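Architecture at a glance
What follows is the residue order along each chain.
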Amino acid sequence: MTKIEISSKNRNTKINKIEKLKTMRNSQEAYDKIDEYAMHGYESILPEDKSFFLKCFGIFDKPATPNEFMMRIRIPGGNMNCTQAVAIGEIARDMGQNYMNLTTRAQIELRYLSIENIPKVLKKLSSVGITPYQTGVDNFRGIVGDPLDDKSYDNILPSHELLLKIQEKFLYNKDWIGVLPRKFNTSITGSMTNRCNAFGHDCCFILAQKDGIYGYNMYLGGKVGKIAKNANIFLKNEDEVLKAFDAITSIYVKFGFRDNRNRNRLFFLVEDVGIEEISSAIREYAGFDFATSGKTLTKMDNEDCDQGKILLRDGKFALHVVVPAGVFGGKELIEAASIVKEYGYGKLSLDIEQNIYLQGVGKESIEKVFKEKFFKTYQPLASPYLNHLIACAGEKHCRFGVIPNKPDAIELSKYLEEKVPLGRDSKVRMYWSGCVKGCGLHDLGDIGFEGCKAKVNGTSEYGVHVFLGGKNTRDAQIGYSVLKSVPLRFLRFYVESLMLEYRRLRKKDETFERFNTRVLSQYSKEAIGFMMMLMAYVREKKMDINIGFKENIRSGKNENFEIFELGMKLYKEVMGRKAYDLTEDFRPVFPKKLDEISIKNSNLDENFAKMINMMLKEKNRAIVFSELKNFVQM
């Protein structure tokens, strides 16, 4: 047996309950019963259809709100024409409380739909060529691509038509409905700019060049918290892309793990057998010896959202529409469609940051378009805190959500706009996930937030884990945790600390990502988290202390050294003199006994004075920041 066969056999000796459920019936049977369910009402729906089979068709039951279904609509590459947009908008307006969410996969989720209205919804969607088919559970989810594709100046290989050909493999194909071990996400881009989180999916086709030929490098195994790995496969044309996709999906269906659903994504098969083994299997299953990988070209940062409008190849413009946290309405989508029909190509695009592009507006019409009523609510260019804001559904609309999330994300952004306004040349990506599943891409944000429970005085309340340093462009990487279980009521003050330092130290046109690389990356993650808390505590207590990050430090991310250096700085700020006259390698040389700070010889509270003493005195000195956090709790 091959390594893949052995791995699959070892992991599939016992299958999970969902796999057992799949053997009960064909998924299509649930879809075929929808009219019957609509006629007889919510209580007539079989439990297994509520819990799984209807989800195969993008129809999600919400047990907390019976008979209020969510429907996830497949928008290929995030692109739709104005007729399709109007139809979706009318459904939301007339049958879904005028509410919808734009998602991080450039799709649309409708909510508050009753089972009685589901057949009408499906019929209306079908009439304009849109479907919720296979947008949930163990299926191929909506394929993401560059929302501007061949219209953008930096596009080399137009990819939208190829995206549709990939989709043809599985869409409406009964043999593929609900048969995967877990969901399967795909991306494809032929552009230099990464507008679609191109490296974060199970299967990624990324613009590349080899031997003078433009094609796609294949990356595999991306998911929340993991960047896809280069499969060392270069695909020089559409035929090769389709062969490679057929091969990897066949391998995943046959050998993917079906035991623990939390460890059944393609990532775990790749990790278990190695990317080289997977690549070899792809060549074998495709019956084709694909070339080894070329040079990946999709490396440019996505700066479009910070321009408000983007010049396209034909001289027209794509107008950017900021939709904070993706909270949108049916009436509003209809308005947007009306604008782009009158002034543009009649096409709208969604992006993975939950915003919209109105494509093809002429230069002569831009000023007139921006005077439309729609743009009094939705701006082409908002504050740097809102331009790139992402937030997934949260507890109200998702059974996994731990915190409200979308309201929290918007509230923090508004607070920061007021307290730490930034110039238009600033850029910060704040990504919020309502739980550990990470649908809000928190691990890829400049600053990421993952919903959790936190305790204040022994009582549990809403909180978040805070991450920094995620990148989904250039050298893509996952963020790292700097603070755990922060109560939401205090979060704004800690993030304010970071933004004040970003504003104080940033260079002209410097994004937060570059600021983090230049300044914050010199510090340990523990030091960053502590400094966020420390600066907030100093502001709260109205202490006249000048403290913050420095651009050039020597402590080498050693917590012991960082604590000593910070303690020396704080001591001098408070006492007006050095704690020790001579230091070497972050220790006092021939030290006299530390003249400890007390509330008698300073204007500090006793708590803060104790902390500084603990940072500097030779005996019982703090060597890690966790020993000091209690001193700066709010």
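Criteria and thresholds
Residues numbered from 1 in each chain as written. Predicted model: local features only at pLDDT ≥ 70, side-chain atom pairs only at ≥ 80, totals over all residues. Heavy atoms only, no water. Pairing = 2+ DSSP bridges. Helix = DSSP H or I, 4+ residues; strand = E, 2+ residues; numbered from the N terminus. Axes fitted to C-alpha atoms, helices over the stretch in contact; angles between N-to-C directions. Contact = heavy atoms within 4.5 Å. Salt bridge = Lys/Arg side-chain N within 4 Å of Asp/Glu carboxyl O. Buried < 20%, exposed > 50% of the residue type's maximum accessible area, 1.4 Å probe, protein only. Parallel < 35°, antiparallel > 145°, perpendicular 65-115°, else oblique. Left-handed = near helix turned anticlockwise from the far one by under 90°. Nonpolar A, V, L, I, M, F, W, Y, C, P; charged D, E, K, R; others polar. Polar contact = N/O pair within 3.5 Å; in protein donor to acceptor, adjacent residues only side chain to side chain.

Our next topic: the sheet that holds strand β13 (residues 317-321). Read across the open sheet, the five strands follow the order β3-β15-β16-β13-β12; overall the sheet is antiparallel. The sheet is open, and its two borders are formed by β3 (79-81) and β12 (309-311), each paired with just one other strand. Neighbour-to-neighbour, the strand axes of this sheet turn through a mean angle of 25°, independent of strand direction. Two elements, β3 and strand β15 (residues 347-350), share three bridges in a ladder whose sense is antiparallel. Counterpart to Asn79 in the pairing with β15 is Ser349. Contacting β12, β13 and β16 (356-361), helix α13 (residues 363-370) crosses the sheet at an angle of about 20° to β13.

This next bit is on the pattern of salt bridges. Applying the stated criterion across every chain yields a total of 42 salt bridges. Residue Glu551 pairs with Arg518 through a salt bridge whose shortest N-O separation is 2.6 Å. Linking Glu551 in the loop between α19 (525-540) and α20 (559-575) with Arg518 in helix α18 (residues 512-518), this pair joins segments that are 33 residues apart in sequence. Of the charged contacts, one joins Lys569 and Glu573 as a salt bridge, the two residues approaching to 3.6 Å between their closest N and O atoms. Of this pair, Lys569 and Glu573 both sit in helix α20, four residues apart, which is roughly one turn of the helix. Salt bridges sharing partners connect three or more residues here, namely Glu19, Lys22, Asp138, Arg258 and Arg261.

Listing the buried residues of helix α21 (residues 606-616) in full gives Phe608, Ala609, Met611, Ile612, Asn613, Met615 and Leu616. Along its buried surface, α21 packs onto α19 and α20.

Another aspect to go through is unusual backbone geometry. With phi around 55°, Gln97 is a residue other than glycine that occupies positive phi space. Within the secondary structure layout, Gln97 lies in the loop between α6 (82-95) and β4 (100-102). For Gln97, a relative accessible area of 53% translates into the label exposed. A positive phi angle is found at Val137, which is not glycine, with a value near 40°. Here Val137 is to be found in the loop between α7 (118-127) and β6 (144-145). Classification of Val137 by relative accessible area gives buried; the value is 12%.

Close contact between α6 and α7 brings their axes to 9 Å; oriented N to C, the two are set at 165°. Taken together, the axes of α6 and α7 lie roughly antiparallel to each other. By crossing handedness, the relation of α6 to α7 is classed as right-handed. Here Ala87, Ile88, Glu90, Ile91 and Met95 of α6 lie close against α7, whose contacting residues are Lys120, Val121, Lys124 and Leu125. When its residues are assigned to classes, the contact of α6 with α7 shows six nonpolar, no polar and three charged.

A few words on the side chain of Arg25. Along the chain, Arg25 turns up in the loop between α2 (17-22) and α3 (28-32). Among the polar contacts made by the side chain of Arg25, one reaches the side chain of Asp49 at a distance of 2.5 Å. Those residues in contact with Arg25 that sit more than four places away from it in its chain are Ala30, Lys33, Leu46, Glu48, Asp49 and Phe53.

It is worth stressing that arrangement in space is one thing and function is another; only the former is reported here.
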